[in-house]
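# Structure at a glance
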Amino acid sequence: MEYGKIEEILFYSEALDEEMQLLIHLPHQYSPLYKYSVLIASDGKDYFQYGRIGRVVDELVDEGDINNMIVVGIPYKSVKERRRMYHPEGDRHKDYIRFLAHELVPFIDENYPTYQVGAGRGLIGDSLAATISLLTALKYPNCFGKVILHSPYVDDTVMAKVEALKDPSAFSIYHVIGEEETEVKTTQDGTQDFLTPNRELNKLIKRKGFSYFYEEFKGDHTWKYWQKDVRRAIKESFQYD
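Residues numbered from 1 in each chain as written. Predicted model: local features only at pLDDT ≥ 70, side-chain atom pairs only at ≥ 80, totals over all residues. Heavy atoms only, no water.

## Thoughts on the overall build of the protein
Where we set the bar: A run of H or I in DSSP becomes a helix once it reaches four residues, and a run of E becomes a strand once it reaches two; helices and strands are each numbered from the N terminus. Radius of gyration: C-alpha atoms only; globule rule: 2.2 Å multiplied by the number of residues to the exponent 0.38. Burial classification: accessible surface area is computed with a 1.4 Å probe over protein chains only, and a residue below 20% of its type maximum counts as buried, one above 50% as exposed, and the rest as partly exposed. The contact criterion used is simple: two residues touch if any of their non-hydrogen atoms lie within 4.5 Å. Charge assignment: positive for Lys and Arg, negative for Asp and Glu; neither His nor the chain ends contribute. Taken as the charge location is NZ of Lys, CZ of Arg, CG of Asp or CD of Glu.
What the protein contains, in helices and strands, is eight helices and ten strands. By the compact-globule yardstick of 18 Å for 241 residues, the protein fits well, its C-alpha radius of gyration being 17 Å. A total of 241 residues make up the protein; the buried ones form 57% of that total. Long-range contacts, defined here as pairs at least 24 residues apart, represent 74% of the contacts in the protein between residues at least 6 apart. The average position of the 30 basic charges and that of the 39 acidic charges among the side chains of the protein differ by 2 Å.

Put into structure tokens, the structure is as follows:
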């Protein structure tokens, strides 16, 4: 089969007051005559490089498992900036969420033939990028209909935001965490247990009544394990009803 291509675009964000790099994967035989779902990946460069997300999407479309899809990857500029934008206590995380919902989505809808409904849009992320994806969907549940979480960082702020959502039918959640993620070495916050808070999040999401997929894989907090899951995650979230 033939694979799609990645366009690199510089997009100025007023919310963040800086230029953001966008990696936009368009499938082979992309045409404005067709409609496309959109999947937005924070940690975007990692999802393309380590997760091979462009290739995975091309194969799923070719096999008829999902609709035509555009993937928008947002690389982070530095580990420090990543934490400032993605962490619940980061001083720029509200601005990053605003950028996603109020700037990036309108830009994509204006420049590409998308479905322009929440059910046609998803967010995907790993670790802190998963956290910001979930927080964004909780803030704008009508804008993003699907969230894919690979080993999210979970704290009291995340739990409170999930608890506060009144309509759990607004979006679906795909959620995996590794059984060995009990001592995750983070760049600024030392070694942390990711597994226990994720199990608490799992209980809460189930209690709230979301459309939900959850699994614990045998592995740790690395792309070695997330990469293997990208195909199933996208197929599970975007498969035909």
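## Re the sheet that holds strand S5 (residues 121–126)
Here is the rule: Paired strands, in this sense, are two strands between which DSSP finds at least two bridges. Axis definition: a line fitted to C-alpha atoms, limited for helices to the stretch in contact. Angles are taken between N-to-C directions and run from 0 to 180 degrees.
The eight strands lie next to each other as S1-S2-S4-S3-S5-S6-S7-S10, forming an open sheet whose pairing is mixed. Among the strands making up the open sheet, the edge pair consists of strand S1 (5–13) and strand S10 (211–217). Within the sheet, the average angular offset between the axes of one strand and its neighbour, ignoring direction, is 15°. Relative to strand S2 (residues 18–26), S1 runs antiparallel, the two sharing nine bridges. Paired with Ile6 across the two strands is His25, which belongs to S2. Helix H8 (residues 223–238) contacts strand S3 (37–42), strand S4 (69–74), S5, strand S6 (146–150), strand S7 (172–178) and S10 of the sheet and is inclined by roughly 165° relative to S6.

## Things to note about the packing of helix H3 (residues 79–86) against helix H5 (residues 128–139)
Using the following cut-off: Oblique is the label for any angle not under 35 degrees, not over 145, and not in the 65 to 115 range, which are roughly parallel, roughly antiparallel and roughly perpendicular in turn. Left-handed describes a crossing in which the near helix is turned anticlockwise from the far one by less than a right angle; the clockwise case is right-handed. Residue classes follow a fixed rule: Ala, Val, Leu, Ile, Met, Phe, Trp, Tyr, Cys and Pro count as nonpolar, while Asp, Glu, Lys and Arg count as charged, and any other residue, Gly among them, counts as polar.
Between H3 and H5, the least distance of the axes is 9 Å, while the angle of their chain directions is 25°. As summarised for this structure, H3 and H5 are arranged roughly parallel, according to the angle between their axes. Viewed along their axes, H3 and H5 form a crossing whose handedness is left-handed. The segment H3 lies against H5, with Arg82, Arg83, Met85 and Tyr86 engaging Leu128, Ala129, Thr131 and Ile132. Grouping the amino acids of the contact of H3 with H5 by side-chain chemistry returns five nonpolar, one polar and two charged.

## Focus on the nonpolar core
What counts here: By nonpolar core we mean a set of buried residues, namely Ala, Val, Leu, Ile, Met, Phe, Trp, Tyr and Cys, connected to one another through side-chain atoms within 4.5 Å.
Among the nonpolar cores identified, the biggest contains 54 residues, and Ile40, Tyr96 and Phe99 are the most heavily contacted of them. The biggest single contributor to this core is helix H4 (residues 93–111), with nine residues. Each residue touching Phe99, except ones within four places of it in the same chain, is listed here: Phe11, Ser13, Ala15, Leu16, Met20, Leu22, Ile74 and Leu104. By size, the runner-up hydrophobic cluster in this structure holds 25 residues, among which are Tyr174, Phe213, Trp223 and Val230.

## Quick notes on the packing of H5 against helix H6 (residues 156–164)
At a minimum axis separation of 10 Å, H5 and H6 run at an interaxial angle of 30°. One finds that H5 runs roughly parallel with respect to H6. When the axes of H5 and H6 are compared, the crossing they make is left-handed. Every residue of H6 that contacts H5 at Thr131, Leu134, Leu135 and Leu138 is listed here: Val158, Lys161 and Val162. Grouping the amino acids of the contact of H5 with H6 by side-chain chemistry returns five nonpolar, one polar and one charged.

## Some points on unusual backbone geometry
Positive phi, close to 65°, is recorded for Gln29, a residue that is not glycine. A positive phi is found at Arg52, a non-glycine position, where the angle reads about 50°. Of note, Arg52 is situated in the loop between helix H1 (44–49) and helix H2 (53–62). A relative accessible area of 46% means that Arg52 is categorised as partly exposed.

## A closer look at the packing of aromatic side chains
Any aromatic ring pair is given by two values, namely how distant the centres are and how the planes are angled relative to each other. What counts here: Within 6.5 Å between ring centres, the rings of Phe, Tyr and Trp (the latter by its six-membered ring) count as paired, and their orientation is classed by plane angle as stacked under 30 degrees, edge-to-face over 60, tilted in between. Put simply, a charge is over a ring when the Lys NZ or the Arg CZ is close to the ring centre, within 6 Å, and near the line of the ring normal, within 35 degrees.
All chains considered together, the criterion is met by 14 aromatic pairs. For the ring pair Trp223 and Trp226, a centre distance of 5.5 Å and an interplane angle of 85° mean the geometry is edge-to-face. With Trp223 and Trp226 both in helix H8, this residue pair falls three residues apart, about one helical turn. Connected via pairs of aromatic rings, a cluster forms that spans Phe11, Tyr86, Tyr96, Phe99 and Phe107. Sitting over the ring of Tyr76, Arg82 keeps its end group 5.5 Å from the ring centre. Over the aromatic face of Phe238 sits the side chain of Lys146, whose NZ or CZ is 5.4 Å from the ring centroid.

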